[in-house]
Amino acid sequence: MNPENVGVVRGERPFEVEAVRADFPSLHQEVHPGRPLIYFDSAATSLKPDSVVQALDAYMAVYPSNVHRGLHVLSERATEAFEDAREAVASFLGVEDSARVIFTRGTTESINAVAMSWARSALQPGDAILLSELEHHSNLVPWQMVAKEKGLELRFAEITDDARLEMDAIEAALTDRVRLIAVTAMSNVTGTLPPLADIMDLARRRGIRVLIDAAQGLPHGDLDIRRLDPDFVAFSGHKILGPTGVGVLYAKRELLEAMPPFMTGGSMVVRVTRDSAEWNDLPWKFEAGTPPIGEAIALAAALRYLAAFPADQVAAHERSLLEHAHEVLGRIPGLRIVGPTDPAKKGPIASFTMEEAHPHDLAQLLDRHGVAIRAGHHCTMPLHTRLGIPASARASFSLYNTTDEIDRLGEALESIRAMFRRRASKPTPAAARQTSPAH
Ligand SMILES: Cc1ncc(COP(=O)(O)O)c(C=O)c1O
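Counting starts from 1 at the beginning of each chain's written sequence and moves along it residue by residue. Confidence filtering applies because this is a predicted model: local features only for residues at pLDDT of at least 70, side-chain atom pairs given and counted only at 80 or more, and all residues used for totals across whole chains, interfaces and linings. The side-chain figures draw on all heavy atoms in the structure; neither hydrogens nor water molecules are used.

Would you mind going over the overall build of the chain with me for this structure?
Numbering goes from the N terminus for both helices and strands, where a helix is a DSSP run of H or I of at least four residues and a strand is a run of E of at least two. A count of helical and extended segments in the chain gives 16 helices and 17 strands. Relative to its length of 439 residues, the chain is compact, with a C-alpha radius of gyration of 24 Å against a globular reference of 22 Å. Expressed along its principal axes, the backbone C-alpha trace of the chain runs to roughly 95 × 55 × 40 Å. The criterion used for residue contact is that any of the two residues' heavy atoms lie within 4.5 Å. Considering only residue pairs separated by 6 or more positions, the chain has 72% of its internal contacts joining residues 24 or more positions apart. We count Lys and Arg on the positive side and Asp and Glu on the negative side, and we leave His and both chain ends out. Charge positions are represented by NZ for Lys, CZ for Arg, CG for Asp and CD for Glu. Across the chain, the centroid of the 46 positively charged side chains sits 5 Å from that of the 57 negatively charged ones. The atom set for the radius of gyration is the C-alpha atoms, and the globule formula is 2.2 Å times the number of residues raised to the power 0.38.

Sorry, what's going on with the site of the ligand here?
All residues adjacent to the ligand are T107, T108, H136, S138, T184, N188, D213, A215, Q216, S236, H238 and K239. T107 places a main-chain nitrogen or oxygen 3.4 Å from an oxygen atom of the ligand. Under this definition, polar contacts are N or O atom pairs within 3.5 Å; protein pairs additionally need one hydrogen-donor-capable and one acceptor-capable atom, and for neighbouring residues in sequence, both atoms have to be side-chain atoms. Here D213 contributes a side-chain N or O atom positioned 2.6 Å from a nitrogen atom of the ligand. In isolation the ligand has 390 Å² of accessible area, and contact with the protein removes 85% of it. Residue classes follow a fixed rule: Ala, Val, Leu, Ile, Met, Phe, Trp, Tyr, Cys and Pro count as nonpolar, while Asp, Glu, Lys and Arg count as charged, and any other residue, Gly among them, counts as polar. The residue makeup of the shell around the ligand, split by class, is 1 nonpolar, 9 polar and 2 charged. We call a residue near a molecule or strand as soon as one heavy atom of that residue lies within 4 Å of the molecule or strand. The protein chains shown are the only cover counted for residues, whose accessible areas, like all others here, come from Shrake-Rupley with a 1.4 Å probe.

I'm lost on helix α11 (residues 293–307) in this one. Help?
The α-helix advances 3.6 residues per turn, and as a result positions three or four apart in sequence lie on the same side. With 15 residues, α11 ought to run about 21 Å at 1.5 Å a step, and its terminal C-alpha atoms sit 21 Å apart, in line with that. Note on exposure labels: buried denotes an accessible area under 20% of the residue type's maximum, exposed denotes more than 50%, and partly exposed covers the range between, all computed with a 1.4 Å probe on protein chains only. For α11, a buried count of 13 out of 15 residues is recorded, marking the element as mostly surrounded by other parts of the structure. Each residue after the first adds 1.5 Å to the expected span of a helix.

I tried to follow the packing of aromatic side chains on my own but got confused; where do I start?
For any pair of aromatic rings, the description consists of the separation of the ring centres together with the inter-plane angle of the planes. Two rings from Phe, Tyr or Trp (for Trp, the six-membered ring) form a pair when their centres are within 6.5 Å of each other. A pair whose planes differ by under 30 degrees is stacked, one over 60 is edge-to-face, and the rest are tilted. As enumerated under the stated definition, the model contains 9 aromatic pairs in all. One aromatic cluster is present, formed by F15, F24, Y305, F309 and Y400 through successive ring pairs. The ring of F92 carries R10 above its face, with NZ or CZ at 5.7 Å from the centroid. When the ring centre of F420 is taken as origin, the NZ or CZ atom of R423, which lies over that ring, is 5.6 Å away. Should the NZ of a Lys or the CZ of an Arg lie within 6 Å of a ring centre and within 35 degrees of the ring normal, that charge is described as sitting over the ring.

Which parts of the structure should I look at to understand the pairing of strand β8 (residues 209–213)?
Sheet faces and side chains relate simply in a regular strand, where the side chains alternate between the two faces. With 4 of 5 residues buried, β8 is to be regarded as a mostly interior element. The pairing of strand β7 (residues 178–184) with β8 spans 5 bridges and is parallel. When the sheet's bridge partners are listed, I181 is paired in β8 with V210. Handedness of the crossover is the feature at issue here: the chain leaves β7, passes through helix α8 (residues 196–206), returns alongside β8, and the resulting connection is right-handed. Should DSSP find at least two bridges between two strands, the strands are taken to pair. Sheet topology places β8 next to strand β9 (residues 232–236); 3 bridges connect them, and they run parallel. Of the residues in β9, the one forming a bridge with D213 is A234. Crossovers are marked right-handed if the path from the first strand over the helix to the second runs clockwise, as seen with the strands pointing away from the viewer.

Sorry, what's going on with the side chain of S42 here?
Inspection of the secondary structure puts S42 in the loop between β3 (38–39) and α3 (50–61). What makes S42 buried here is its relative accessible area of 5%. A distance of 2.6 Å separates a polar atom in the side chain of S42 from a polar atom in the side chain of Y400.

Would you mind showing me how to read the domain arrangement of the chain here?
Note: interface size is frequently given as the accessible area lost on complex formation between the parts. In terms of domains, the chain is made up of domain 1 (17–43 + 310–423) and domain 2 (51–308). How far each domain reaches was decided by an automatic or database domain assignment. Computed over C-alpha atoms, the centres of domain 1 and domain 2 are 28 Å apart. Contacts between domain 1 and domain 2 engage 33 residues on the former and 29 residues on the latter. Buried area, as used here, totals the accessible surface that two parts lose on assembly, with accessibility defined by a 1.4 Å probe and the loss added over both. Both faces considered, domain 1 and domain 2 share a buried interface measuring about 2400 Å² in area, 60% of it formed by carbon and sulfur atoms. Summed over the three residues of domain 1 that lose the most area to domain 2, namely C379, L383 and R386, the buried surface amounts to 23% of that side. For R386, the salt bridge identified is with D161, shortest N-O distance 2.9 Å. Where domain 1 packs against domain 2, one counts 14 residue pairs in polar contact (both at pLDDT 80 or more). Those elements that place two or more of their residues in the side of domain 1 that touches domain 2 are α12 (311–330), β14 (349–354), α14 (381–387) and β17 (392–396). Top element by residues in the side of domain 1 that touches domain 2 is α14. It accounts for 6 residues. Across the side of domain 1 that touches domain 2, the residue classes break down as 18 nonpolar, 9 polar and 6 charged. Put simply, a salt bridge is a Lys or Arg side-chain nitrogen that is within 4 Å of an Asp or Glu carboxyl oxygen.

Before we go on, may I ask you to explain the pattern of salt bridges in this structure?
Inspection of the entire model under this criterion finds 29 salt bridges. Put simply, R209, D229, D231 and K252 are held in one network by salt bridges that share partners.

Even after reading the chapter, I still don't get empty space enclosed by the protein, so can you show me in this structure?
Empty pockets left among the atoms are what a rolling probe the size of a water molecule brings to light. Throughout, the protein atoms alone are placed on a 1 Å grid, and a set of points is a cavity if a 1.4 Å probe fits but cannot get out or a pocket if it is open with protein on both sides within 12 Å along at least five of seven lines; lining residues have an atom within 4 Å of a point. Grid points are joined across faces, edges and corners, and a volume is the space filled by probe spheres set on the points. A full pass over the atoms with the stated rule returns 2 cavities of 30 Å³ or more. S42, S46, P219, H220, K239, I240, L241, L306, S398 and L399 together form the lining of the largest cavity. Residues that form the lining of the largest cavity fall into these classes: 5 nonpolar, 4 polar and 1 charged. A domain split of the lining of the largest cavity shows at least three residues from each of domain 1 (17–43 + 310–423) and domain 2 (51–308). Looking at the second largest cavity, its volume works out to about 30 Å³. Every residue lining the second largest cavity is listed: L130, L131, S132, A157, L165, I170, I181, V183 and I199. Elements that contribute at least two residues to the lining of the second largest cavity include exactly β5 (128–132) and β7.

Looking at this structure, I do not really get the side chain of R394. What am I missing?
Structurally, the position occupied by R394 is in strand β17. By relative accessible area, R394 is classed as buried at 3%. A distance of 2.8 Å separates a polar atom in the side chain of R394 from the backbone oxygen of N188. Those residues in contact with R394 that sit more than four places away from it in its chain are F40, D41, A43, A44, N188, I349, A350, S351, I373, R374 and H378.

The structure is reproduced here in structure tokens:
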């Protein structure tokens, strides 16, 4: 094991946005003639720095071998890099026991694993799972499935009209039968930051397990997994500067040891007979089949890249982007930001609706200006129903964005609004006939 490759080295590189932008090859392109890319879709998937591209490329080009079972040089190299990647994830999370880091395909698979394995085996009919109204379908549908199967109750902590999640709402939704609180660390629509430390205190007092959906929370700000010490954490590589196809489930050792595998096959067994199998040790017990090898190695490169900047400097940059976005968007008549109005109380996401235009039209027209945003329900249909809107347009920011780009978003939205208003005020052919002088 090469120690330099394993851990993440924190805060060694001062944050400087232009230097950061130079590291992201996909930023340097025109998406339409004369329109350089402005990428505000990082909540869907982030861009990837050179070091991630190179890590994946090196695996593909030089040592594209399977892990754990070869005795040749390439396989040993792949195995070492893959297991080093696990150490890098543990080091990024600030935890010591890397056997608690399970590689999955992403947040969705990680949460499904907890639902299919832990909830199925540890919960009894009548037990309850507490969610919030903010949750992504990934942190809702797996619980619906297991609830139906096992006769569990799903309970929901209600949000305020501006999509804040308060402790009062969580306490109001608690019953003695709640065995798990499964909550997002940051809403992928409103940027809401649930009070995780207080949730953890409450859960510890009441002996309730906690799952944190860190898909959006981990890439930004100061999600301190070591201090919070939740029972389960799920996140995706592709939202934290890494590749698609890899994610992590991090969980308490005693829970992982008691949980049955959620998927079976090769690699996760030590002995197999015609009618039985004996599970491998952690973490491999939960990694059936060939894992996402190059992707895990590239994820480690992403975490090393991100950790190299002082976290407070990245957070300050992203906060200034969000503050600027609230200011710029707030000046556009008829535009309404969805969720908390105070940018200090949310993550770097600004979702909005505009009186004149459907979010899908906005996204399409912004694309012509080179601005990539996302529109729709963002896999949070119940949240949109609660907010009384069918869809929203979402601009999400990351460390490589600039306030100038946000100004250009504002200008593009102004011109789109002006276009819709011109159209709305243009008389229809019938109305034009009525108002035109008679011949
Ligand atoms: C809060 C949240 N949870 C879960 C997911 C699912 O992540 P993935 O599709 O990478 O599994 C997402 C993706 O948008 C998300 O934003």
